[in-house]
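Descriptive analysis of the structure
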Amino acid sequence: MRVLGHELNNSLAPVKSLAGSMRSLVDSKERPSDWQQDMAEGLSVIESRVDALSRFTASYTRLAKLPEPRYEPVEVSSCLRRVAKLETRLTVDVEPGPEAVVEADAVQIEQALINLVRNAADASLETGGGVRAGWRVQGAKLEIWVADEGLGLSNNANLFVPFFTTKPGGSGIGLVLSRRIAESHGGTLTLANREGAAGCVATLALPANGAGKV
């Protein structure tokens with residue numbers, strides 16, 4: 001129940017924020033010229049996230065554990081940009097990268113990225129910094145990274161301990177679940193302090209060969 005509650009809150013909070021912004025746009029007497037495009041994009045993000053979350057929670061409830069990945073082609077750029085739009089507290093800058101399609105469970109990978117982006121935003125909001133994300137192909141790996149400008153990591157020992165958290169009101173679930181998703185795809189999830197800059201970078205690496213492949 002704590003896992004499900006965590007994932008519901010991580011998705012429903014930005015969906016609510018998007019809906020509020022769209023309501024303000026509809027109620028405004030002076031709308032920008034591209035308001036219909038903004039509405040269409042907002043509705044598309046909400047529809048996509050609600051559908052994915054519904055499937056995720058249904059599978060999780062039915063099996064009471066992380067479901068086996070259901071592999072399908074996932075276009076990395078589109079997936080990461082969708083996740084970035086869900087973070088409404090600050091702008092997540094998505095850097096351009098090579099065209100990449102990975103065989104993976106789209107719902108699970110998106111859920112893992114939502115957790116990483118939210119954690120990065122939490123860290124950056126403490127310092128007034130920003131969040132950047134991107135992807136690269138490194139040999140036999142596809143790496144999706146999320147970098148924040150927070151205070152960085154002072155102790156890595158408890159990062160992946162279930163229910164351990166230093167954040168007020170935190171559940172200690174997000175990173176644990178994200179790592180399980182990575183490992184179920186034959187990949188890894190690592191967190192490290194950025195070199196030569198403040199903050200932390202999370203790297204989700206998926207294999208180019210095997211179950212998950214570019």
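For the structure, see preceding data.
Computed from a predicted structure; not experimentally measured.

Attention shifts here to the overall build of the protein chain. Per the secondary structure count, the protein chain includes five helices and seven strands. Its helices and strands taken in sequence order, the protein chain reads α-α-β-α-β-β-α-β-β-α-β-β from the N to the C terminus. For the protein chain, with 214 residues in total, the buried portion stands at 45%. Counted over contacts in the protein chain with a minimum sequence separation of 6, partners at least 24 positions apart contribute 72%. Here the protein chain displays about 11200 Å² of accessible surface, and carbon together with sulfur accounts for 52% of that area.

Among the nonpolar cores identified, the biggest contains 46 residues, and Leu113, Leu116, Trp135 and Leu204 are the most heavily contacted of them. Among residues more than four places away in sequence, those in contact with leucine 113 are Cys79, Leu80, Val83, Ile144 and Leu204.

Attention shifts here to empty space enclosed by the protein. Applying the stated criterion across every chain yields a total of one cavity of 30 Å³ or more. A volume near 40 Å³ is recorded for the largest cavity. What lines the largest cavity is Val74, Val76, Cys79, Val102, Ile109, Leu113, Ile144 and Leu206. Taken together, the elements giving at least two residues each to the lining of the largest cavity come down to α3 (76-86) and α4 (106-127). Residue composition of the lining of the largest cavity, by class: eight nonpolar, no polar and no charged.

We now examine the packing of α4 against helix α5 (residues 174-184). Viewed as axis vectors pointing N to C, α4 and α5 meet at an angle of 145 degrees, and their least axial separation amounts to 9 Å. Of the two elements, α4 crosses α5, and the hand of that crossing is left-handed. Here Gln108, Ile109, Gln111, Ala112, Asn115, Leu116 and Asn119 of α4 lie close against α5, whose contacting residues are Gly174, Leu175, Ser178, Ile181 and Ser184. Class assignment for the residues of the contact of α4 with α5 results in five nonpolar, seven polar and no charged.

Let us now look at the packing of α3 against α4. Relative to each other, α3 and α4 sit at 45 degrees, their axes nearing to 9 Å. Considered as vectors, α3 and α4 are oriented oblique to each other. Judged by the sense of rotation from one axis to the other, the crossing of α3 with α4 is right-handed. Residues Cys79, Leu80, Arg82, Val83 and Leu86 of α3 touch α4, and the partners they reach there are Glu110, Leu113, Ile114 and Val117. When its residues are assigned to classes, the contact of α3 with α4 shows seven nonpolar, no polar and two charged.

A few words now on the packing of aromatic side chains. Tallied over the entire structure, the rule returns zero aromatic pairs. Looking at arginine 31, its charged tip hangs above the ring of tryptophan 35, at a distance of 4.5 Å from the centre.

Our focus in this paragraph is the pairing of strand β6 (residues 188-193). Two elements, β6 and strand β7 (residues 200-207), share six bridges in a ladder whose sense is antiparallel. Note that in β7 the partner of leucine 191 across the bridge is alanine 202. The hairpin formed by β6 and β7 contains six residues between the paired strands, and glycine 196 there has a positive phi angle of roughly 75 degrees.

On to α4. Between its first and last C-alpha, α4 extends 32 Å over 22 residues, near the 32 Å set by a 1.5 Å rise per residue. Across the 22 residues that make up α4, a large majority, 17, are buried. Where α4 begins, the capping side chain belongs to aspartate 105, and its oxygen is found 3.1 Å from the backbone nitrogen of valine 107. One or two residues past the end of α4 sits glycine 128, with phi positive at roughly 80 degrees.

This part is about the pattern of salt bridges. On inspection of all chains with the given rule, the structure shows eight salt bridges. Where glutamate 143 meets arginine 136, a salt bridge forms, and the shortest distance between an N and an O atom there is 2.9 Å. Take glutamate 143: its relative accessible area is 14%, and that puts it in the buried class. Through salt bridges with shared partners, a single network forms among Arg49, Arg82 and Glu110.

What counts and how
- Residues numbered from 1 in each chain as written.
- Predicted model: local features only at pLDDT ≥ 70, side-chain atom pairs only at ≥ 80, totals over all residues.
- Heavy atoms only, no water.
- Helix = DSSP H or I, 4+ residues; strand = E, 2+ residues; numbered from the N terminus.
- Buried < 20%, exposed > 50% of the residue type's maximum accessible area, 1.4 Å probe, protein only.
- Contact = heavy atoms within 4.5 Å.
- Areas by Shrake-Rupley, 256 points an atom, 1.4 Å probe, with all protein chains shown as cover.
- Core = buried A, V, L, I, M, F, W, Y, C linked by side-chain atoms within 4.5 Å.
- 1 Å grid on protein atoms, 1.4 Å probe; cavity = no way out; pocket = protein on both sides within 12 Å on 5 of 7 lines; lining within 4 Å.
- Points joined across faces, edges and corners; volume = space filled by probe spheres on them.
- Nonpolar A, V, L, I, M, F, W, Y, C, P; charged D, E, K, R; others polar.
- Axes fitted to C-alpha atoms, helices over the stretch in contact; angles between N-to-C directions.
- Left-handed = near helix turned anticlockwise from the far one by under 90°.
- Parallel < 35°, antiparallel > 145°, perpendicular 65-115°, else oblique.
- Phe/Tyr/Trp six-rings, centres within 6.5 Å; stacked < 30°, edge-to-face > 60°.
- Lys NZ or Arg CZ within 6 Å of the ring centre and 35° of its normal.
- Pairing = 2+ DSSP bridges.
- Expected span 1.5 Å × (residues − 1).
- Polar contact = N/O pair within 3.5 Å; in protein donor to acceptor, adjacent residues only side chain to side chain.
- Salt bridge = Lys/Arg side-chain N within 4 Å of Asp/Glu carboxyl O.

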